[in-house]
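Listed here are the chains, written in short residue letters.
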Amino acid sequence: MNKTKIKISNLYKIFGNNSKKYIPKVSNGMSKDELLTKYNHVLGLDDINLNVAEQSIQVVMGLSGSGKSTLIRHINRLIEPTEGSVLIDEQDITKLNNSELLEFRRNRTGMVFQRFALFPHQNIIDNVKFGLSIKNIEKAESNHKAKFWIDKVGLNGFEYKFPNQLSGGMQQRVGLARALATDPDILLMDEAFSALDPLIRTDMQDQLLELQKNLKKTIMFITHDLDEALKLGDRISILNGGKLVQDGTAEEILMSPADEYVKNFVKDVNRAKVLKIKSIMNFSGVQNNSDAFVKLDDNIESCLPKILESEHELNVFDDKNKFVGLISRNNVADILKN
Amino acid sequence: MNLSELFITFPEMSKESLRIFKKSIDGAYRNFSREYGDAIEAVFDPVLYFLVWFEKLLQNSPWPLVILVILILVYLGSRSIYLTIGSLFALLLIGYFGMWEDTMSTVSIIGVCTFMSIGLGIPIGIAMSNSDRARAAITPILDVMQTMPSFVYLIPVVMLLGIGKIPGLLAVIIYAIPPIIRLTDLGIREVDKEVLEAADAFGANKRQKLFRVQLPLALPTIFAGINQTIMMALAMVVIASMIGVKGLGQPVLKAITNQYFTMGLLNGLAIVALAIIFDRVSQSFGKRLQQHRSGSRE
């Protein structure tokens, strides 16, 4: 695993006039409902601890009201924390003064919004250039960069259109290009694809993964859609009522959900599509002499025909074609059952 | 005095103390205006010079040239050939009925009042949108300015500055500036929160947010305010003429006192014609500013 890029420690957010006062009560276990009904303060985040690895995609998931949008806004301090720290490359951004914070936002983070939040009075190229113009970068250079990113997200020829002349998917491409144009090392995506229809959403997810292969940004991606989380996330964090209930890889979350809430969440997922052979196979047994085999990192769905057709257990090889164990129909049946 | 009487007649302050109360305020203000009247008048001298210069420019330039310039402005503002032709006829009729000079006086004072209202009103509106406290302080003042009968504030203005153009100008501005302040404030407050958040996320400072996001997006609303301001300034023309502002208001005033119906009607119609031209031009200009919202711009 890469080194830690973002380190969130003991982060609390309470909305209300007297928020500091209630930190001890909350850390002693007062619930969100109790805080609201008794003291009229809203618990946004409750003792969040999370490390995000450099160049990874960290998905934060939860239902609405779970605090995921609040959490992502702490990374660039659009929301001030009530208590706790957010370290980025070992620098505590909660301690930045006003001008340092502006510099930080200009150079280190880019953000993509659920409802695009493009500037309706500016054409596409000016929208993409916004972050650069805020930094007072000279015109020729910012034009060049903006064109590059417009091209990269496939919007060539739309430079002088206005946002409302574009479809939702295209608008969000502009949003993505705008966030990337300042070349930030952290990309914050707040339900970036949730407002798009399913086909376009899949398309955008593929495009993001494709871009990420070369860009290697540290991406924090908020979503309420589990399929999206499983597809994009290197790691997935699940929030409930402002609390971080589980943080792990897609497999960890599917195979051993931390509590009922997570279990309910993952109930309807097509496991065969997400899980890999290595998470259900037996790492024991003797290699049989059939020619058929599957690989450790194959996902189950793609191997289903082979496994089901085979009379006996199938050999599993690692990526150096060395025998590591066996997989049977029963293994597959077990995982598809629940 | 028995109890029932106490509830029927209001327990008012005695006539004598009321008289002293009024007299001492009036006296204090009179002393103040004697003391500082000239100094305050001197502050307004540059405005007066400009106003006189502008009026003379409009009156002394050849009338075809003035009409041409006005028509060009009308066309640039409205992009409507019908409105331009209509304006041409209105101006020709105004000239033919002998109201050219008065009309030019009115145009000049309206023009100066509008520019001063914009120059003062937009910054005040921005300040209001920036802080709820400023808004809470300014709103009641605007309410007073809009509802106080204009004759009432004409009294202290005239006491301070005498009769003439500047008091008239002040009276018109007091009456006409509230809409532009209110609508600037409203326009900026109405800017989409998410768009502002996006500007924040990219590290825009307050000034950058104001000039690159808030003001451009508030512009159509601000323009509605400018339109209102012009209309209200025109409505004040007649009242301002009572304290010596030249223009179309004076013949109207004369017509009222002497029962010259036709004279009143003609000058009144000239004011209406000006109002329609100003209104249509500024409205269609304002509409063009928000074309990006309907998506019809190339």
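Up top you'll find the structure we're talking about.
Residues numbered from 1 in each chain as written. Chains lettered and ligands numbered in written order. Predicted model: local features only at pLDDT ≥ 70, side-chain atom pairs only at ≥ 80, totals over all residues. Heavy atoms only, no water.

A. Molecular detail of the overall build of chain B. Summing up its helical and strand segments, chain B has 15 helices and 0 strands in all. Principal-axis analysis of the C-alpha atoms gives chain B an extent of 80 × 60 × 45 Å. The buried share among the 298 residues of chain B stands at 42%. Considering only contacts within chain B whose residues lie at least 6 apart along the sequence, 77% involve residues at least 24 apart. For chain B, the accessible surface area stands at approximately 16600 Å², while carbon and sulfur atoms represent 68% of it. Treating the 25 positive side-chain charges of chain B as one cloud and the 21 negative ones as another, the clouds have centres 3 Å apart. (Helix = DSSP H or I, 4+ residues; strand = E, 2+ residues; numbered from the N terminus. Buried < 20%, exposed > 50% of the residue type's maximum accessible area, 1.4 Å probe, protein only. Contact = heavy atoms within 4.5 Å. Areas by Shrake-Rupley, 256 points an atom, 1.4 Å probe, with all protein chains shown as cover. Lys, Arg positive; Asp, Glu negative; His and termini not counted. Charge placed at Lys NZ, Arg CZ, Asp CG, Glu CD.)

B. View of the sheet that holds strand E11 (residues 293-295) of chain A. All names here are of chain A. Reading across the sheet, the 3 strands line up as E11-E12-E13 and stay open at both edges, with mixed pairing between neighbours. A single partner strand is all that each edge strand has here, and the edge strands are E11 and strand E13 (323-327). Strand-to-strand twist in this sheet, taken as the mean axis angle between neighbours without regard to direction, amounts to 35 degrees. Note: strand E12 (residues 314-317) against E13, 4 bridges, orientation antiparallel. Looking at E13, one finds that Leu 314 is bridged to Ile 327. Lying on the sheet, helix H13 (residues 300-309) is in contact with E11, E12 and E13; it crosses E11 at an angle near 155 degrees. (Pairing = 2+ DSSP bridges. Axes fitted to C-alpha atoms, helices over the stretch in contact; angles between N-to-C directions.)

C. Quick peek at the interface of chain B and chain A. If you look at the interface, chain B gives 22 residues, while chain A gives 28 residues. Considering only the side of chain B, the residues that lose the most area to chain A are Glu 194, Phe 202 and Arg 212 of chain B, jointly responsible for 32% of the buried surface there. Taken together, chain B and chain A are joined by 2 salt bridges. The residue Arg 73 of chain A makes a salt bridge to Glu 197 of chain B at a minimum N-O spacing of 2.5 Å. Joining chain B to chain A, the criterion identifies 8 residue pairs in polar contact (both at pLDDT 80 or more). When contributions to the side of chain B that touches chain A are tallied by element, the ones reaching two or more residues are helix H10 (193-201), helix H11 (206-235) and helix H15 (291-294) of chain B. (Buried area = accessible area lost by both parts, 1.4 Å probe. Salt bridge = Lys/Arg side-chain N within 4 Å of Asp/Glu carboxyl O. Polar contact = N/O pair within 3.5 Å; in protein donor to acceptor, adjacent residues only side chain to side chain.)

D. Inspection of unusual backbone geometry at higher detail. In this structure, Asn 40 of chain A takes a positive phi of about 60 degrees despite not being glycine. By the secondary structure assignment, Asn 40 of chain A is in the loop between helix H2 (32-39) and strand E2 (42-53). The class for Asn 40 of chain A is exposed, based on a relative accessible area of 62%. Although it is not a glycine, Arg 79 of chain B sits at a positive phi angle of roughly 55 degrees. Residue placement: Arg 79 of chain B occurs in the loop between helix H4 (63-78) and helix H5 (81-96).

E. Region of the structure containing the nonpolar core. Grouped together as the largest cluster of nonpolar side chains are 66 residues, with contacts concentrated most on Met 104, Ile 109, Ile 110, Leu 169 and Leu 234 of chain B. Look past the residues within four positions of Met 104 of chain B in its chain and what remains in contact with it is Leu 58, Gln 59, Val 66 and Ile 70 of chain B. Counting residues in each nonpolar core, the second largest holds 63 residues, with Ala 179, Ala 181, Ile 238 and Tyr 261 of chain A among its members. (Core = buried A, V, L, I, M, F, W, Y, C linked by side-chain atoms within 4.5 Å.)

F. Fine view of the environment of Ile 236 of chain A. Residues and elements named next belong to chain A. Relative to the assigned elements, Ile 236 resides in strand E9 (residues 235-240). Separated by 174 residues in the primary sequence, Ile 236 and Gly 62 place their C-alpha atoms 10 Å from one another. Apart from the residues lying within four places of it in its own chain, the contact partners of Ile 236 are Gln 58, Val 59, Met 61, Ala 229, Leu 230, Gln 246, Asp 247, Gly 248, Ala 250 and Ile 253.

G. Geometry of the pattern of salt bridges. Residues and elements named next belong to chain A. For the structure on display, the rule yields 33 salt bridges over all chains. Glu 103 is paired through a salt bridge with Arg 106; the nearest N and O atoms lie 3.6 Å apart. Taken together, the residues span about one helical turn, with Glu 103 and Arg 106 both in helix H4 (residues 98-107) at a distance of 3 residues. Its relative accessible area of 11% is what places Arg 106 among the buried residues. One network of salt bridges, with partners in common, ties together Lys 3, Lys 5, Glu 54, Asp 89, Arg 108 and Asp 185.

H. Layout of the packing of aromatic side chains. Taken as a whole and assessed by the stated rule, the structure comprises 13 aromatic pairs over all chains. Between Tyr 261 of chain A and Phe 265 of chain A, the aromatic rings sit 5.5 Å apart at their centres with planes inclined by 85 degrees, giving edge-to-face as the arrangement. Of this pair, Tyr 261 of chain A and Phe 265 of chain A both sit in helix H11 (residues 260-266), 4 residues apart, roughly one helical turn. Overall, the relative accessible area of 18% leaves Tyr 261 of chain A in the buried class. What links up through ring pairs into an aromatic cluster is the set Phe 119 and Phe 130 of chain A together with Phe 202 of chain B. The ring of Phe 293 of chain A carries Lys 306 of chain A above its face, with NZ or CZ at 5.7 Å from the centroid. (Phe/Tyr/Trp six-rings, centres within 6.5 Å; stacked < 30°, edge-to-face > 60°. Lys NZ or Arg CZ within 6 Å of the ring centre and 35° of its normal.)

I. View of the packing of helix H13 (residues 249-258) of chain B against helix H14 (residues 261-289) of chain B. Residue and element names in this part refer to chain B. The N-to-C vectors of H13 and H14 enclose an angle of 155 degrees; their axes lie 8 Å apart at closest approach. Classified by the angle between their axes, H13 and H14 sit roughly antiparallel to one another. In this structure, the crossing between H13 and H14 has a hand that is left-handed. Of the residues in H14, those in contact with Pro 251, Val 252, Lys 254 and Ala 255 of H13 are Met 263, Gly 264, Asn 267 and Gly 268. Within the contact of H13 with H14, the residues separate by chemical class into 4 nonpolar, 3 polar and 1 charged. (Parallel < 35°, antiparallel > 145°, perpendicular 65-115°, else oblique. Left-handed = near helix turned anticlockwise from the far one by under 90°. Nonpolar A, V, L, I, M, F, W, Y, C, P; charged D, E, K, R; others polar.)

J. View of helix H5 (residues 124-134) of chain A. Residue and element names in this part refer to chain A. Buried residues dominate H5, accounting for 9 of its 11 residues. Taken residue by residue, H5 has Ile 124, Ile 125, Asn 127, Val 128, Lys 129, Phe 130, Gly 131, Leu 132 and Ile 134 as its buried positions. Remark: Asn 136 follows H5 within two positions and exhibits a positive phi of approximately 60 degrees.

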